[in-house]
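A closer look at the structure
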Amino acid sequence: MLFHVSLNELGNFAAQFWNCIGDKKVFAFHGAMGAGKTTVISTLCHYKGVEDVTGSPTFSIINEYSYSENGESKKIFHVGLYRLKDEQQVVQGGVEDCLYSESICMIEWPEKAPGLFDENTVHVFIEPVSATERKVEVRLPG
């Protein structure tokens, strides 16, 4: 699925995104530095009801957010692999635990550890079109 998203319409994109992905839990976000991965992920988190301040996990590696769904407390893991050198560091950093936690897991820079993502991963490609617009391609598994 291909979306052309202006920054002031990210909320609409978030609604469409969550409606189209079904029960998928693992999302790999691809894009150059400054493409808008963190901005899109933050919008998706807030649409789910996350009230915490969201931000780039570049230095923390893993940010954990909470939201409520049907009266149940749930988690979203926002993972940044940018600073990690290889899959061994990714595993040592606890990223694998997030991937298999049954919680929503959104990963920036997945190309740092491509072997961690199985055929159920949703890949999201973000490309700047202008200063205020992005092309977002969502590739569902299968």
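Below is a short write-up of the structure. (Residues numbered from 1 in each chain as written. Predicted model: local features only at pLDDT ≥ 70, side-chain atom pairs only at ≥ 80, totals over all residues. Heavy atoms only, no water.)

Things to note about helix H1 (residues 10-20)
- By the burial criterion, the buried members of H1 are Leu-10, Phe-13, Ala-14, Ala-15, Phe-17 and Trp-18.
- Check the buried side of H1 and you find it contacts strand E1 (2-6), strand E2 (26-30), helix H2 (37-48), strand E5 (104-108), strand E6 (122-128) and strand E7 (133-139).
- Count one or two residues on from H1 and you reach Gly-22, which has phi positive near 65°. (Buried < 20%, exposed > 50% of the residue type's maximum accessible area, 1.4 Å probe, protein only. Helix = DSSP H or I, 4+ residues; strand = E, 2+ residues; numbered from the N terminus. Contact = heavy atoms within 4.5 Å.)

Quick word on the layout of surface pockets
- Put simply, the largest pocket is a space of about 220 Å³.
- Lining the largest pocket we find Lys-24, Lys-25, Val-26, Leu-99, Tyr-100, Ser-101, Glu-102, Leu-116, Phe-117, Asp-118, Asn-120 and Thr-121.
- Classifying every residue of the lining of the largest pocket by side-chain character gives five nonpolar, three polar and four charged. (1 Å grid on protein atoms, 1.4 Å probe; cavity = no way out; pocket = protein on both sides within 12 Å on 5 of 7 lines; lining within 4 Å. Points joined across faces, edges and corners; volume = space filled by probe spheres on them. Nonpolar A, V, L, I, M, F, W, Y, C, P; charged D, E, K, R; others polar.)

Some words on H2
- Counted at 1.5 Å a residue, the expected span for H2 with its twelve residues is 16 Å, and the 17 Å between its end C-alpha atoms agrees.
- Along H2, the residues classified as buried are Lys-37, Val-40, Ile-41, Ser-42, Thr-43, Leu-44 and Cys-45.
- Here the buried face of H2 lies against H1, E2, strand E3 (62-69), strand E4 (72-80), E5 and E6.
- Directly after H2, the chain includes Gly-49, whose backbone phi takes a positive value near 110°. (Expected span 1.5 Å × (residues − 1).)

Topic: the side chain of His-30
- In this structure, His-30 sits in strand E2.
- Look at His-30 and you get buried, because its relative accessible area is 15%.
- Look past the residues within four positions of His-30 in its chain and what remains in contact with it is Lys-37, Pro-110, Glu-111, His-123, Val-124, Phe-125 and Ile-126.

So, the packing of aromatic side chains
- For the structure on display, the rule yields six aromatic pairs.
- Arranged with centres 5.1 Å apart and planes meeting at 80°, the rings of Phe-3 and Phe-13 form a pair that is edge-to-face. With Phe-3 in strand E1 and Phe-13 in helix H1, the pair connects residues that are ten residues apart, well separated along the chain. Of the two residues, Phe-3 and Phe-13, neither departs from the other in class, the shared state being buried.
- Ring geometry for Phe-13 against Phe-17: centres 5.9 Å apart, planes inclined by 50°, an arrangement best described as tilted. Of this pair, Phe-13 and Phe-17 both sit in helix H1, four residues apart, roughly one helical turn. Each member of the pair, Phe-13 as well as Phe-17, carries the same accessibility label: buried.
- Among the aromatic residues, ring-to-ring pairing joins Phe-3, Phe-13, Phe-17, Trp-18 and Phe-27 into one connected group. (Phe/Tyr/Trp six-rings, centres within 6.5 Å; stacked < 30°, edge-to-face > 60°.)

Concerning the sheet that holds E6
- Overall, mixed pairing links the seven strands, which are arranged E1-E7-E6-E2-E5-E4-E3 in an open sheet. Of all strands in the sheet, those with a lone pairing partner are E1 and E3, marking the two edges. The mean angle between the axes of side-by-side strands here comes to 20°, regardless of whether they run parallel or antiparallel.
- Looking at chain direction, E4 and E5 are connected through five bridges and run parallel. Paired with Val-79 across the strands is Ile-107, a residue of E5. (Pairing = 2+ DSSP bridges. Axes fitted to C-alpha atoms, helices over the stretch in contact; angles between N-to-C directions.)

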